[in-house]
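Residue-level listing of the chains:
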Amino acid sequence: MNMEQVFTTVVASSREMLRRRYALAGSCVVIAIVVQLVALTQFCRGDEEELVVLSADRDRDGVNFVIKGVINRIESLQQGEAVVRFFTAADQTSNDAPSDWVAGSVYRHAFNYLHNQVFFEHTVPVDGGTRTLKLLMTDESRISYEEPRSGPGSVTIYPVSWMTEVPEAIPVDFRIAGIVGWGEICTSATFDDCKSKYWLNPGMYQKVSLERDKTTGLVKLLMIHTDKSGAEAPLLITVDEKKQYAPVEVRRFFRPPPDAEHPDNSRLIVIDTISTTWKENSGVWVPETWSMERGLQAPVKFEFDWKAVNSLPNERTFDMSGMDLPKGTHIFNRLGKEPVAEGVIGESAPLFDKPAPRQTKRFSLLLILNVFFAGTASLIYLWRKQRPA
């Protein structure tokens, strides 16, 4: 065998060895991918008997799984309208209940979160009648109307950065009913705020546990936060997995730190209890009633009348022309540096019959550019025509 044949044989053997190694490595990669897909499918699909988790920390992963279900249910409701009635007055001496929130208040909450549009209307009982406040929020402006106690009212168009300081006109995201307390509702907690708060962030708790009733479908989440002093803040959330993980009860507790009289830290104080009933509408479980009891304060209760679920209530709802403002209402525009009086509804053309200020500026700029280019083209044409051949 000459050197050329030896070289050819060695090269062929090396190629065969590399082919087998690549084939083996490829098979291992395929097997690993299949195993991961199967595990992921099992985790996402879950099991009818018990929650399937991939971590050794079974309770924590179980709590995370249920909280994800709560978030998914809320985020499945992107459009709709509800009329909410407040039947029971809270203790007016409480710092958690603004004095303007009184029994008989009616709220209208229309939303289209797909396009960041919210319309909020609050009708407050007053002596001898009612007083209405309205707020329309879009990507372009904030339009606020406050019905006066006497005389003509006014509506003001503000920039997006503006937020009302009138408690009655603060918009409320009623989708989060059932997972927040009275204080959070009164301070206009939105769902995005809730996701960053402790009750939807199990990672902030040192101890978590999960208990599931296979018969009723109720899942209880117990999460306990302990501070440096040893005080504990347990949170017990009960959700119904048969209703898209809708929270039916939330109880918040406080356990003071150990002291000489209570070295075992046995005292447990109930802060509040929130109860929510639900009904299915257009394939989504939405709140029907929301009630809360807190200490010695009078219980509070809301009742929901859903006019639309995952559909637009009315195309004019998120336009100023759909705010049903009374005649005689003065219109003020504060989008610029100085406020501008736009007219009076019923006496002059209202703002929503005119181009918006931003559109007017863009139109003026476009007109100037067109005139400039047309003039330039005309000058070039005349110059070329008069130029000697």
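Each value, and the rule that gives it
- Residues numbered from 1 in each chain as written.
- Predicted model: local features only at pLDDT ≥ 70, side-chain atom pairs only at ≥ 80, totals over all residues.
- Heavy atoms only, no water.
- Helix = DSSP H or I, 4+ residues; strand = E, 2+ residues; numbered from the N terminus.
- Buried < 20%, exposed > 50% of the residue type's maximum accessible area, 1.4 Å probe, protein only.
- Contact = heavy atoms within 4.5 Å.
- Areas by Shrake-Rupley, 256 points an atom, 1.4 Å probe, with all protein chains shown as cover.
- Expected span 1.5 Å × (residues − 1).
- Salt bridge = Lys/Arg side-chain N within 4 Å of Asp/Glu carboxyl O.
- Polar contact = N/O pair within 3.5 Å; in protein donor to acceptor, adjacent residues only side chain to side chain.
- Core = buried A, V, L, I, M, F, W, Y, C linked by side-chain atoms within 4.5 Å.
- Pairing = 2+ DSSP bridges.
- Patch = residues over 30% accessible without salt bridge, like charges linked within 9 Å, V, L, I, M, F, W, Y side chains within 5 Å.
- Phe/Tyr/Trp six-rings, centres within 6.5 Å; stacked < 30°, edge-to-face > 60°.
- pLDDT = per-residue confidence, 0-100.

Comments concerning the overall build of the chain
- The secondary structure content of the chain amounts to five helices and 15 strands.
- The buried share among the 389 residues of the chain stands at 37%.
- Look at the contacts in the chain between residues 6 or more apart in sequence, and 48% of them connect residues 24 or more apart.
- Counting every atom, the chain has about 22,800 Å² of accessible surface; 56% of that belongs to carbon and sulfur.

Details of helix α2 (residues 58-75)
- Look at α2: 26 Å from first C-alpha to last across 18 residues, which is about the 26 Å you get at 1.5 Å a residue.
- For α2, the full list of buried residues reads G62, V63, F65, V66, I67, G69, V70, I71, R73 and I74.

Regarding the pattern of salt bridges
- Going through the model one piece at a time under the given rule, you end up with twelve salt bridges.
- Note that E75 is salt-bridged to K195, the shortest N-O span being 3.1 Å. Within this pair, whereas E75 is found in helix α2, its partner K195 is found in helix α4 (residues 191-196), the two being separated by 120 residues in sequence.
- Its relative accessible area of 33% is what places E75 among the partly exposed residues.
- Via salt bridges that share partners, E75, D192 and K195 belong to a single interconnected network.

Thoughts on the environment of D227
- Summarising the element assignment, D227 is placed in the loop between β8 (218-226) and β9 (232-240).
- What makes D227 partly exposed here is its relative accessible area of 38%.
- For the pair D227 and Q206, spaced 21 residues apart in sequence, the C-alpha to C-alpha distance is 9.6 Å.
- A polar contact is formed between the side chain of D227 and the backbone nitrogen of A231, at a distance of 3.0 Å.

What about the nonpolar core?
- Ranked by internal contacts, the top residues of the largest apolar core, which has 50 residues, are I179, L200, W290 and F302.
- The element contributing the most residues to this core is α2, with seven residues.

Topic: the pairing of strand β5 (residues 142-146)
- Buried residues dominate β5, accounting for four of its five residues.
- Strand direction decides the pairing type here: strand β4 (residues 129-137) and β5, joined by five bridges, are antiparallel. Its bridge partner lying in β5, K134 is registered against Y145.
- In this antiparallel pair of consecutive strands, β4 and β5, the connection spans four residues.
- Bridging between β5 and strand β6 (residues 154-158) involves five bridges; their strand directions are antiparallel. Bridge pairing links Y145 to V155 in β6.

Let's talk about a nonpolar patch on the surface
- On the surface, a nonpolar cluster with roughly 240 Å² of combined accessible area is contributed by F254, I269 and I271.
- Looking at the element boundaries, I271 is found in strand β11 (residues 269-281).

A short note on the side chain of R131
- Here R131 is to be found in strand β4.
- On the basis of relative accessible area, R131 is assigned to the buried category, the value being 10%.
- At 2.3 Å, the side chain of R131 and the side chain of E146 are in polar contact.
- Apart from the residues lying within four places of it in its own chain, the contact partners of R131 are H122, T123, V124, V126, E146, E147, R149 and E168.

Section: the packing of aromatic side chains
- Scanning the model with the defined rule gives ten aromatic pairs in all.
- Arranged with centres 6.1 Å apart and planes meeting at 20°, the rings of Y107 and F120 form a pair that is stacked. On the criterion of sequence distance, the pair formed by Y107 in strand β2 (residues 106-112) and F120 in strand β3 (residues 117-126) is long-range, its members being 13 residues apart.
- Classification of F120 as buried rests on a relative accessible area of 2%.

Quick notes on the confidence of the model for the chain
- On average, residues of the chain score 76 in pLDDT, and 70% of them are at 70 or above.
- Of the regions scoring below 50 in pLDDT, residues 90-98 engages in 19 contacts with residues more than four places distant in sequence or in other chains.
- Contacts for the low-pLDDT stretch residues 350-363, under 50 throughout, to residues beyond four places or in other chains number 15 contacts.

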